[in-house]
Amino acid sequence: MSKERIHTVGKPFKCKQCEKCFKGAGQLKIHERIHTGEKPFKCKQCNKCFNQRGNLIGHERIHTGGKPFKCKQCNKCFNQRGSLKILERIHTGEKPFKCKQCNKCFNQRGNLIGHERIHTGEKPFKCKQCNKCFNQRGSLKIHERIHTGEKPFKCKQCNKCFNQRGNLIGHERIHTGEKPFKCKQCEKCFNQRGSLKIHKRIHTGEKPFKCKHCDKCFKLGGHLKNHERIHTGQKPFKCKQCDKCFNQRGNLKNHERIHTGEKPFKCKQCDKCFNERGSLKIHERIHTGEKPFKCKQCDKCFNQRGSLKIHERIHTGEKPFKCKQCEKCFSSAQMRSLEKKESRTKSRGTKESARKDDNNACDLGIHRPCHGTIQKGCLNQNEEYICWICQEKLKSEKLLSKHYHDHIALLLTWQGFDPTSRQFSGCVRFDIVQVQQ
């Protein structure tokens, strides 16, 4: 009778809750347990409950280690028949579940259901902690681990733990050196599919993440999120040592190394260490002589993007940094932008104007202490002398004066000039004499 019902009537067993229809009474009974929440099948090992006997049997194999379902293609074994079936579709390329809205196909029914919610906007899975909603149960489960701090996926090589299996798989490729994802444009390889996807945007120029405030576009969603904090003023990352706040987690991490003194980035050429990867990269260009940042106006090259930006202001005449004391304007805040002087004539007036240019060459960072004595501007409550440029604390006025001199020499060196040459001697003396008043 039941066979006749399958062929003739179709699905005569209807759920009273949601009106979904089934071919057999047993299927309807299993379905109704979704509405009632009934889970009559209990695991003897861990007391976990299930609404289907088959699910319990599959679960028990986790405890026993049984994997009776073997793939004929790659010999991989599974503890459930459904998992094997899904893998076989990867080998065959079969994607039997098609979206009616956009015709996209999937090899799992669950993936199709999750995808369809993108079109409907439905997000039925809600986090109890922060009320954030998701269109897939798995996404909610991963999100909840942020609140619990759970990281169940552990690397066997270095014991590092992750809250997602995919992140662990990507991490393990660091140890194996495997990079299975290759760019078709430049043949560069990556150990994660997401990294390849991001890399492709370099070739396409795609910047899909747009700021609502200023229409600026970004290649990464994380970069957009960081940028938007400039508009909102939000600084959610707080230092536990000094309560200073930052708008990016990476900036906080770099800052914390000031307190710990940690310098994990070491130069292979001279063993000099740095607390930021970017600082090491800039330093390495001193050894290689690389100057990748080129001025479009005069073809002069620099080893730092910031140095190029300051240099370009010579051509544009832009001086965006203004001294609050005397309203004098400068082209940089904490870096010198010094150009080689034009050949001087014998006239006295030209020499005087050149000497005046030496004094004007100071940036705002070096210029500011010139308005007052060190005691007034830089002495804190603990009778420590604070450097206005880098906030370093020194014990005496003499040490602070020497410290400022080191700043000047270092900044000149970064710009590719010789701080001991006669060309800059007047400028250096001017700063030190004024600071030592």
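Shown above is the structure to which this text applies.
Residues numbered from 1 in each chain as written. Predicted model: local features only at pLDDT ≥ 70, side-chain atom pairs only at ≥ 80, totals over all residues. Heavy atoms only, no water.

**What about the pattern of salt bridges?**
Taken as a whole and assessed by the stated rule, the structure comprises eight salt bridges. The partner of E122 in a salt bridge is R117, with the nearest N and O atoms 3.8 Å apart. Taking relative accessible area as the criterion, E122 reaches 42% and is therefore assigned partly exposed. (Salt bridge = Lys/Arg side-chain N within 4 Å of Asp/Glu carboxyl O. Buried < 20%, exposed > 50% of the residue type's maximum accessible area, 1.4 Å probe, protein only.)

**Quick notes on helix α6 (residues 137–148)**
Across its 12 residues, α6 extends 17 Å between first and last C-alpha, which sits within 8% of the 16 Å expected from 1.5 Å per residue. Looking at the buried side of α6, the elements it contacts are β9 (125–126), β10 (133–134) and β11 (153–154). Once α6 finishes, G149 follows within two positions and takes phi at roughly 75°, a positive value. (Helix = DSSP H or I, 4+ residues; strand = E, 2+ residues; numbered from the N terminus. Expected span 1.5 Å × (residues − 1). Contact = heavy atoms within 4.5 Å.)

**As for unusual backbone geometry**
Positive phi values are uncommon outside glycine, yet N103 reaches one of about 65°. Counting through the fold element by element, N103 comes out in the loop between β7 (97–98) and β8 (105–106). Notably, D271 is not glycine yet its phi reads approximately 65°, a positive angle. If you trace the backbone, D271 turns up in the loop between β19 (265–266) and β20 (273–274). Relative accessible area serves as the criterion here: at 48%, D271 is assigned to the partly exposed category.

**Examining helix α10 (residues 249–260)**
Taking 1.5 Å of rise per residue, the 12 residues of α10 would be expected to cover 16 Å, and the 17 Å separating its terminal C-alpha atoms lies within 8% of that figure. Among the residues making up α10, those that are buried are L252, N254, H255 and R257. Positive backbone phi, at 75°, marks G261, one or two positions downstream of α10.

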